[in-house]
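An overview of the molecular structure
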Amino acid sequence: MSEQNAHKTSPRNVPLWQQLQQVAQVVQQVQAGSSTATALEQVPAGLRPGVQALVYQVLRGLGIGRWLREQLVPKKPAPLLDALLTSALVLAWRAQPEQCGGHAEGYTGFTLVNQAVEAAKRHPRLKHQGGLVNAVLRRFLREQEELEVVYRAQSPQRDPELLNLPRWWWQRLQQDYGVQAGDIVHQALQPAPLTLRVNVRHLSARDYLEQHLRPAGIEGILNGAHGVTLAQACPVQQLPGFAEGWISVQDAAAQLAAPLLLEALPQGNNLRVLDACAAPGGKTAHLLELADHAVTALDVDPVRCQRIHDNLQRLGLQATVLAADAGAPASWWDGQPFDAILLDAPCTASGIVRRHPDVPWLRREQDVPQLAAQQQRLLEALWPLLVPGGHLLYCTCSIFKQEGEEQIAGFLQRHADAVARAAPGHLLPKHHNKDAGLGENGTLGTGTASASLVDHDGFFYALLAKQP
Ligand SMILES: C[S@@+](CC[C@H](N)C(=O)[O-])C[C@H]1O[C@@H](n2cnc3c(N)ncnc32)[C@H](O)[C@@H]1O
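Residue numbering note: each chain is counted from 1, following its sequence as written. In view of the model being predicted, local features appear only for residues whose pLDDT reaches at least 70, and side-chain atom pairs are presented and counted only at 80 or more, with totals across whole chains, interfaces and linings using the full set of residues. To obtain the side-chain values, all non-hydrogen atoms of the structure were used and water was disregarded.

**Overview of the UniProt feature "active site" (unreviewed entry) in the protein chain**
UniProt positions are given in the numbering used here, feature names are shortened, and annotations may be inferred rather than shown by experiment. Under the UniProt annotation, "active site" (unreviewed entry) lies at Cys397. Only DSSP runs of H or I with at least four residues qualify as helices, and only runs of E with at least two residues qualify as strands; both kinds are numbered from the N terminus onward. Summarising the element assignment, Cys397 is placed in the loop between strand 9 (386-396) and helix 17 (405-414). The exposure class assigned to Cys397 is buried, which follows from its relative accessible area of 17%. In this description, contact between two residues means that some pair of their heavy atoms is separated by no more than 4.5 Å. Sequence-distant contacts of Cys397, that is, excluding residues within four places in its chain, are made with Cys347, Ala349, Ser350, Gly351, Ile352, Gly458 and Phe459. A 1.4 Å probe rolled over the protein chains alone gives each residue an accessible area, and that area as a share of the maximum for its type sets the label: buried under 20%, exposed over 50%, partly exposed in between.

This is the structure we're talking about:
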């Protein structure tokens, strides 16, 4: 279920207090280190879409929520009560002065507070805390203006949104991007739209939009060479041609990978292409939609390899799928060099916070150097597998420079036979209809490939040619 429409499919007769109980449960688990997706699996299916929408809204305001809870209840409550109070405070804060926007639309701050109190009273583990929840939230309603003044005064640039990410994250963005950091946070805290990749083996993105979506009453815009971004998200299974393999869900920045690599290759078919970190197979499939090459799709996780199979099957495409560690080629490589390698390396995912607002709260500061070391290990292990004259496209869905620009600068220093070709470098998240003017950034970037993107996540691309 996409986020945008999730609340609309919730049964209207589910009272808010019941949803808030589930929200508190999920937020408690995320605060304890679980991903939102895993925590949502325990929510009854009928409640899940609406609960997900509220949870995402809470996560996008978690910095404010935690601060408010600390002001109002300085001694940290037990985890579930803490999660209920924090969630209710975020939603009520967002509702000010009278009405809550976004996914909790239609609820006033007073309704939210009443329903949060009800959620506590009717919960077996919180029923004795109803009085406390009532007192805390009503005090918030009385004091919210003063609280906002204090919070704003101590926020970087007096902008409360900037602390809706962990402080170390904000500091890293400032270190990497200086004055642009604030814009990046604002873009990252917006919900992402649903973007489709159209399979050009069947039809063009324009034909799909004009001949299939619009006649069905579904509005969208072209986004990049093969992308369509929908005005309103909906379940993809309901879209024309999904079962037939016409479309896949893929952010527009991720759709740059396959064309960037293929455009660097000589004309012809059946070149040996390695997709080294391939699951669930989005970029593998795009490569195969665009060209007839012999693609090996590798992933260390056998369960995720099954998803590559499933995706290729739906799209009617074929690759050799291997479950193996790309960093240990001795265990899987047949000794024949590859003409091209795509390394979509594991990373912090700092570029896709729009879609996964739990990411900043699950990551720890020390993950950045650890993942950078893993990326370096993969680059070093794969470079010898590339034929002289071949190309390696390195990408991550991170905007942290240690995982992008700095990673590649170090690689180029260590490898005299590697040359950086034109590639977008760091792409910063960009929301359609926002004129913040964010675009490419970084010394390695050229920006041409991304010029036609109207909305996309943050990403990094570097294209390396191996000197013959
Ligand atoms: C960013 S995701 C790849 C997304 C994929 N390229 C797509 O477009 O659908 C990174 C993947 O790297 C895999 N991975 C992590 N370490 C790996 C390793 N040492 N060897 C191979 N795959 C690895 C993870 O299991 C994960 O599926």
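**Thoughts on the nonpolar core**
Put simply, a nonpolar core is a bunch of buried Ala, Val, Leu, Ile, Met, Phe, Trp, Tyr and Cys residues held in one set by side-chain atoms that sit within 4.5 Å of each other. One finds Trp169, Leu173, Leu261, Ile308, Leu393, Phe459 and Tyr461 to be the most contacted residues of the largest nonpolar core, which totals 58 residues. Of all hydrophobic cores here, the second largest spans 53 residues; its members include Ala24, Val51, Leu80 and Leu112.

**What to know about the side chain of Thr296**
Its location among the elements puts Thr296 in strand 6 (residues 294-299). Look at Thr296 and you get buried, because its relative accessible area is 13%. Contact partners of Thr296, with chain neighbours within four places excluded, come to Val273, Leu274, Asp275, Thr320, Leu322 and Phe338.

**Section: the domain arrangement of the protein chain**
Residue ranges assigned to the domains are those given by an automatic or database domain assignment. Assigned domains of the protein chain: these are domain 1 (6-163), domain 2 (195-249) and domain 3 (254-466). Taken over C-alpha atoms, the centre of domain 1 sits 37 Å from the centre of domain 3. Opposite the 12 residues of domain 1 that make contact, domain 3 presents 6 residues. Put simply, buried area is the surface a 1.4 Å probe can reach on two separate parts but cannot reach once they are joined, added for both. Summed over both sides, the interface between domain 1 and domain 3 buries roughly 700 Å², with carbon and sulfur atoms accounting for 63% of that surface. When the buried surface of domain 1 facing domain 3 is broken down by residue, Tyr56, Leu59 and Arg60 rank first, second and third, together holding 46% of it. Criterion for a salt bridge: a side-chain nitrogen of Lys or Arg within 4 Å of a carboxyl oxygen of Asp or Glu. Across the domain 1-domain 3 interface, the total number found is 0 salt bridges. Polar contact is the term for a pair of N or O atoms within 3.5 Å; when the atoms are in protein, one must be able to donate a hydrogen and the other to accept it, and sequence-neighboring residues count only if both atoms are side-chain atoms. Summed over the shared surface of domain 1 and domain 3, the number is 3 residue pairs in polar contact (both at pLDDT 80 or more). When residues of the side of domain 1 that touches domain 3 are traced back to their parent elements, those giving at least two are helix 4 (48-59) and helix 5 (62-72). Split by residue class, the side of domain 1 that touches domain 3 holds 5 nonpolar, 5 polar and 2 charged. Polar here means any residue other than Ala, Val, Leu, Ile, Met, Phe, Trp, Tyr, Cys and Pro, which are nonpolar, and Asp, Glu, Lys and Arg, which are charged; Gly is therefore polar.

**Brief notes about the packing of helix 2 (residues 16-31) against helix 6 (residues 79-95)**
Axes are the key here: two packed helices are described by the angle between their axes and the distance separating the axes. Running from N to C, helix 2 and helix 6 cross one another at 110 degrees; their axes reach a closest spacing of 8 Å. Taken together, the axes of helix 2 and helix 6 lie roughly perpendicular to each other. Remark: the crossing between helix 2 and helix 6 carries right-handed chirality. Contact residues: helix 2 offers Leu20, Val23, Ala24, Gln25, Val27, Gln28 and Gln31, while helix 6 offers Pro79, Leu80, Asp82, Ala83, Leu84, Ser87 and Leu91. Tallied by class, the residues present in the contact of helix 2 with helix 6 amount to 9 nonpolar, 4 polar and 1 charged. Interaxial angle, 0 to 180 degrees, is taken between N-to-C directions of lines fitted to C-alpha atoms, where a helix line uses only the stretch in contact. These descriptions rest on fixed angle ranges, namely under 35 degrees for roughly parallel, over 145 for roughly antiparallel, 65 to 115 for roughly perpendicular, and the rest for oblique. We call a crossing left-handed when the near helix sits turned anticlockwise from the far one by less than a right angle, and right-handed when that turn is clockwise.

**Points about the site of the ligand**
Taken together, 20 residues are adjacent to the ligand, and Gly282, Asp299, Arg304, Asp325 and Asp344 come closest. The contact in question runs from a nitrogen atom of the ligand to an N or O atom on the backbone of Cys277, over 3.0 Å. Ala326 places a main-chain nitrogen or oxygen 2.9 Å from a nitrogen atom of the ligand. The accessible surface values rely on the Shrake-Rupley method and a 1.4 Å probe; as for residues, cover is taken only from the protein chains in view. Calculation on the ligand without its partners gives an accessible area of 600 Å², and the protein chains cover 87% of this total. Contributing elements (two or more residues each) for the shell around the ligand: helix 13 (282-290) and helix 16 (367-382). For the shell around the ligand, the leading source of residues is helix 16, giving 3 residues. The residue inventory of the shell around the ligand, partitioned by class, reads 10 nonpolar, 3 polar and 7 charged. When we say a residue is near a molecule or strand, we mean one of its heavy atoms is within 4 Å of it.

**Looking at unusual backbone geometry**
The amide bond that connects Ala279 to the next residue, Pro280, takes the cis arrangement and shows omega of 5 degrees. Within the secondary structure, Pro280 is located in the loop between strand 5 (272-275) and helix 13. A positive phi is found at Asn270, a non-glycine position, where the angle reads about 60 degrees. Here Asn270 is to be found in the loop between helix 12 (257-263) and strand 5. Residue classification places Asn270 among the exposed residues on the basis of a relative accessible area of 60%. The phi dihedral of Ala349 is positive, around 65 degrees, even though this residue is not glycine. In this structure, Ala349 sits in the loop between strand 8 (338-344) and helix 15 (359-362).

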